[in-house]
Amino acid sequence: QVNLVESGGGSVQPGGSLRLSCVASGINFYNYIMKWYRQVPGKEREMVASIDAPGGINYGNSVKGRFTISKDHGKGTVALQMNSLEPEDTAVYYCNAKWRFGPREYWGQGTQVTVSS
């Protein structure tokens, strides 16, 4: 059984930082692209960052230079370090595991990030 569990969300003032973590069980990291998405009510889910098995990394344009994605194969975790947070970063953040060889993917339950003064 595959399970993705996010943690680390919360409330922070503009300019602050948060670190999200996703613990993945039931999958082989080497076969999955790990991603972070976010979603605001009434809007489509937006890809924030991704990291593939060889370590290739991509970021959404709105977070480049502020967010950093990383993973630890041994611990089965993916992290998202978020710096210089802005009110526009307020959203529910989801961890996603996308199988490299087909359409199979899995989602976590999400964690709320609120940036407000």
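Throughout this description, residue numbers start from 1 for each chain and increase along the sequence as written. In keeping with the predicted nature of the model, local features appear solely for residues at pLDDT of at least 70, side-chain atom pairs appear and are counted solely at 80 or more, and the whole-chain, interface and lining totals rest on all residues. Note that water and hydrogens are dropped before the side-chain values are worked out from all heavy atoms of the structure.

(A) Structural context of the pattern of salt bridges. For this document, the term salt bridge refers to a Lys or Arg side-chain nitrogen within 4 Å of an Asp or Glu carboxyl oxygen. Evaluated as defined, the whole model comprises four salt bridges. As a salt-bridge pair, arginine 66 and aspartate 89 come within 2.7 Å of each other at their nearest N and O atoms. Of this pair, arginine 66 sits in the loop between strand E6 (57-59) and strand E7 (67-72) while aspartate 89 sits in the loop between strand E8 (77-82) and strand E9 (91-99), and the two are 23 residues apart along the sequence. Grouping residues by exposure puts arginine 66 and aspartate 89 together as buried. Within the structure, one salt-bridge network assembled from shared partners comprises Arg38, Glu46, Arg66, Glu86 and Asp89. Helix and strand assignments follow DSSP, with helices taken as H or I runs no shorter than four residues and strands as E runs no shorter than two, numbered in order from the N terminus. Per-residue accessibility, obtained with a 1.4 Å probe over protein chains only, is compared with the maximum for each type, and a residue is labelled buried under 20%, exposed over 50%, and partly exposed between these values.

(B) How the structure looks around the environment of alanine 53. You can see alanine 53 is positioned in the loop between strand E5 (46-51) and E6. Separated by 22 residues in sequence, alanine 53 and asparagine 31 have C-alpha atoms that sit 6.6 Å apart. The contacts of alanine 53, once residues within four sequence positions are left out, are Phe29, Tyr30, Tyr32, Lys71, His73 and Arg100. The contact definition used throughout considers only heavy atoms, calling two residues in contact when any of these lie within 4.5 Å.

(C) Up close: the sheet that holds strand E3 (residues 18-25). Any two strands with at least two DSSP bridges between them are considered paired. Reading across from one edge, E1-E3-E8-E7 is the order of the four strands in this open sheet, with antiparallel pairing throughout. Of all strands in the sheet, those bounded by a partner on one side alone are strand E1 (3-7) and E7. In this sheet, neighbouring strand axes are inclined to one another by 15° on average, regardless of whether the strands run parallel or antiparallel. Two strands pair when backbone bridges link them, and E3 and E8 are joined in this way by six bridges, in the antiparallel orientation. Angles here are taken between N-to-C directions and fall from 0 to 180 degrees, while the axes themselves are lines fitted to C-alpha atoms, restricted in helices to the stretch in contact.

(D) Quick peek at the side chain of glutamate 6. Structurally, glutamate 6 is set in strand E1. In this charge count, Lys and Arg are treated as positive and Asp and Glu as negative; neither His nor the chain ends contribute. The side chain of glutamate 6 sits in the buried core without any salt bridge; arginine 45 is the nearest counter-charge, 7.7 Å away. In this structure glutamate 6 touches Ser21, Cys22, Trp36, Tyr93, Tyr94, Cys95, Gly108, Gln109, Gly110 and Thr111, once residues within four positions along its chain are discounted.

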